[in-house]
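Chains, contacts and geometry: an overview
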Amino acid sequence: MAKERTAVGVLDRSVAILDAVEFGARSFTGIAEATGLTKPTAHRLISALESHGLLMHVTGVGYTLGPRFLALASSAMHELPLQALIRPFLEELARTTGESAQLYVRDGERRICVDAVESDNELRTIVRVGASLPLDKGSAGKVLLAWGPVPPREGDSVLIATRRRGWADSYGEREEGVASVSAPILGPHEQLLAAISVSGPEARLTARQAKRYGPALVETASRIEALVGR
């Protein structure tokens, strides 16, 4: 977890705190011990990071990476090189499944479609690039929540099951008659980058088909992760 130091000590110490939280330190004492910082210094920097949205304190959980990272991740995913990298995988999924394929990132309490490839079928799912959709409906939303900065709580059986299985499916949740299957794309240190999905008419994308597409999406995500350096 050790990082190269720079000439900017405050920045180094702030990054050390973020690293500690990323690797599981949840309490103030745990962060101070993991970083070797004095408690007054740790308190000052933690407060500053919270004010900038880079850290947040969740009741019953402790410190987690803050919502600012979600916006930064969303902005990063809009950059052409990463979209250009993933585009061939979306095209491959659309070709092999016969369904539309999408790439989503989280933006606060919404998810944004940053790229999409439509199915060649006359009856198909169409999600426009830039569409803002809810997190609480659809398989991509489940993935973005299950691998989000706040781990699923004990009572959230759907998100816990999603993490255990490695992918999510949904049927008529966001729109009647539409089904989808999604898997996470993870970066270094298991950081969630995006959700990759296929979607189509529920009559065609059945639960039986989802059991085939789920592992295929996980395999596709793993190939992308290898390229981005997970």
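A brief look at the structure comes next. Note that this is a predicted model, so its numbers are computed, not measured.

1. Some points on the sheet that holds strand β4 (residues 110-117)
The sheet built from 6 strands is open, its strands ordered β5-β4-β3-β8-β7-β6 with antiparallel pairing. The open sheet has two edge strands with one neighbour each: β5 (132-134) and β6 (168-171). Between one strand axis and the next, the sheet turns by 35° as a mean value, whatever way the strands run. Looking at chain direction, β4 and β5 are connected through 3 bridges and run antiparallel. Its bridge partner lying in β5, Ile112 is registered against Ser132. Its contacts with the sheet place helix α8 (residues 207-228) against β6, β7 (178-186) and β8 (192-201), and it is angled at close to 25° to β7.

2. Looking at the pattern of salt bridges
Inspection of the entire model under this criterion finds 10 salt bridges. Notably, a salt bridge pairs Arg223 with Glu92, separated by 2.9 Å at the nearest N-O pair. Taken together, the residues span a long stretch of sequence, with Arg223 in helix α8 and Glu92 in helix α5 (residues 80-97) at a distance of 131 residues. Overall, the relative accessible area of 31% leaves Arg223 in the partly exposed class. Glu175 serves as the salt-bridge partner of Arg174, at 4.0 Å between the closest nitrogen and oxygen. Given a relative accessible area of 43%, Glu175 falls into the partly exposed group.

3. Here we look at the pairing of strand β1 (residues 55-58)
Note: β1 against strand β2 (residues 62-65), 4 bridges, orientation antiparallel. Bridge assignment links Val58 to a residue of β2, and that residue is Gly62. If you look at the hairpin formed by β1 and β2, you'll find 3 residues sitting between the two strands, and Gly60 has a positive phi there, around 85°.

Rules used throughout
Residues numbered from 1 in each chain as written. Predicted model: local features only at pLDDT ≥ 70, side-chain atom pairs only at ≥ 80, totals over all residues. Heavy atoms only, no water. Pairing = 2+ DSSP bridges. Helix = DSSP H or I, 4+ residues; strand = E, 2+ residues; numbered from the N terminus. Axes fitted to C-alpha atoms, helices over the stretch in contact; angles between N-to-C directions. Contact = heavy atoms within 4.5 Å. Salt bridge = Lys/Arg side-chain N within 4 Å of Asp/Glu carboxyl O. Buried < 20%, exposed > 50% of the residue type's maximum accessible area, 1.4 Å probe, protein only.

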